[in-house]
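Take a look at the letters that make up each chain.
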Amino acid sequence: MNGQQHIAVAIDGPAASGKSTVAKKLAKLLGLNMVNTGAMYRAVVWGALQKNVSPNDPAAVVAMLSDFDFECKINQGSSEVWVDGQLLESELRSDAVNANVSAIAAIVEVRELLVAKQRGLLQYGSVIMEGRDIGSVVFPDTPYKLYIDASEEVRAARRAADGEVDAVGKRDAQDSKRKVSPLIVADGATVIDSSEMTLEEVIEAAVAALTAQGLDQSFLDRN
Ligand SMILES: Nc1ncnc2c1ncn2[C@@H]1O[C@H](COP(=O)(O)OP(=O)(O)O)[C@@H](O)[C@H]1O
Ligand SMILES: Nc1ccn([C@H]2C[C@H](O)[C@@H](COP(=O)(O)OP(=O)(O)O)O2)c(=O)n1
């Protein structure tokens, strides 16, 4: 499938639908490395803002990439992003990053750089990777694909409950309408609408979907 024996589980969906929370739980349950690709796009925004490069100026962003000190590593089963030697965590969830990340994610050169890094992470082990284009672009051939959805109202409420200022509807519109790698339900993905479901119910539905997609019982037997 990937030219290697490691498997990739793809999780896509709109902002605040529950992708990272579900991916983290499934990663533990199935013994996979968890990769948050949104953090990578956020790290490019953070780097641009630090360097006074406008995320809305594609030429300036592309020029910045030529010597951008960016690393994505797996540490204890989860992805980490480093820019200029600094591990980025809460910095990635700032209101300024939220407001500018869709603009950066629409730049084709940014996507090419990050997609190559995402595919490269498979060499360290099987992954569960969440984002917007994982099942459609990053690992289109994987049979294991989920699309986690929720109504816009529910998603806005979840984000607000986390204390973030984030125009999820606006970001979704930008992410779904862009020309390059728009957010779509990938071929073969199982859609789970989590609006009315508890996290436990979503996990149960996800495991059932992955089993139906042929996930090896050995992954399910691990825990
Ligand atoms: N099924 C669910 N029911 C209630 N809250 C949820 C559910 N799934 C996720 N959440 C909460 O919603 C918020 C956004 O989830 P998150 O996993 O960060 O979404 P995403 O990665 O899609 O942006 C988090 O606070 C998370 O705990
Ligand atoms: N694979 C990906 C992941 C994220 N993006 C872009 C589009 C999203 O609005 C931003 C931020 O993604 P992130 O998953 O962190 O966003 P949420 O936590 O779901 O709100 O990055 C993308 O274009 N492709």
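Here the residue numbering is sequential within each chain, running from 1 through the sequence in written order. Lettering of chains starts at A and numbering of ligands starts at 1, both following the order in which they are written. Local features in a predicted model are, by the rule used here, given only for residues with pLDDT of at least 70; side-chain atom pairs are given and counted only at 80 or more, and totals for whole chains, interfaces and linings are based on all residues. Side-chain measures were taken over the full set of non-hydrogen atoms in the model, leaving aside hydrogen atoms and water.

### Topic: the pairing of strand β4 (residues 78–83)
Sheet faces and side chains relate simply in a regular strand, where the side chains alternate between the two faces.
(1) Moving on: Following DSSP output, two strands are said to pair if at least two bridges run between them. Runs of H or I in DSSP of at least four residues are treated as helices and runs of E of at least two as strands, each being numbered from the N terminus. With six bridges joining them, strand β3 (residues 70–75) and β4 adopt antiparallel strand pairing. Paired with cysteine 72 across the bridge in β4 is valine 81.
(2) Moving on: In this antiparallel pair of consecutive strands, β3 and β4, the connection spans two residues, and glutamine 76 shows a positive phi of 50 degrees.
(3) Moving on: Sheet topology note: the β4/strand β5 (residues 86–88) ladder contains three bridges and is antiparallel. Bridging across to β5, valine 83 finds its partner in glutamine 86.

### Overview of the UniProt feature "binding site: ATP" (unreviewed entry) in the chain
(1) Moving on: UniProt feature "binding site: ATP" (unreviewed entry): in the numbering of this structure it lies at Gly13, Pro14, Ala15, Ala16, Ser17, Gly18, Lys19, Ser20 and Thr21.
(2) Moving on: Mapping glycine 13 onto the fold places it in the loop between β1 (8–12) and α1 (19–30).
(3) Moving on: Two residues form a contact once any of their heavy atoms are found within 4.5 Å. In contact with glycine 13, other than residues within four places in its own chain, are Lys19, Gly131, Arg132, Tyr147, Ile148 and Leu183.
(4) Moving on: When you line up the elements, lysine 19 lands in helix α1.
(5) Moving on: Contact partners of lysine 19, with chain neighbours within four places excluded, come to Ile11, Asp12, Gly13, Pro14, Glu130, Gly131, Arg132 and Ile148.
(6) Moving on: A polar side-chain atom of lysine 19 sits 3.4 Å from the main-chain carbonyl oxygen of glycine 13. UniProt positions are given in the numbering used here, feature names are shortened, and annotations may be inferred rather than shown by experiment. Polar contacts, as counted here, are pairs of nitrogen or oxygen atoms within 3.5 Å of one another; within protein the pair requires one atom able to donate a hydrogen and one able to accept it, and residues that are adjacent in sequence qualify only if both atoms are side-chain atoms.

### Structural notes on the site of ligand 1
(1) Moving on: In this text, near means that some heavy atom of the residue lies within 4 Å of the molecule or strand in question. The immediate surroundings of ligand 1 are formed by 14 residues, with Lys19, Ser20, Thr21, Arg159 and Asp162 found nearest.
(2) Moving on: Contact distances for ligand 1 include 3.1 Å between an oxygen atom and a backbone N or O atom of serine 17.
(3) Moving on: Here an oxygen atom of ligand 1 and a backbone polar atom of glycine 18 are 3.0 Å apart.
(4) Moving on: The accessible surface values rely on the Shrake-Rupley method and a 1.4 Å probe; as for residues, cover is taken only from the protein chains in view. For ligand 1, whose unbound accessible area comes to 560 Å², protein coverage reaches 76%.
(5) Moving on: At the level of secondary structure, the elements contributing two or more residues to the shell around ligand 1 comprise α1, α7 (152–161) and α9 (199–212).
(6) Moving on: The element that contributes the greatest number of residues to the shell around ligand 1 is α1, accounting for three residues.
(7) Moving on: Under the scheme applied, nonpolar residues are Ala, Val, Leu, Ile, Met, Phe, Trp, Tyr, Cys and Pro; charged residues are Asp, Glu, Lys and Arg; polar residues are all the others, including Gly. Residues that form the shell around ligand 1 fall into these classes: five nonpolar, five polar and four charged.

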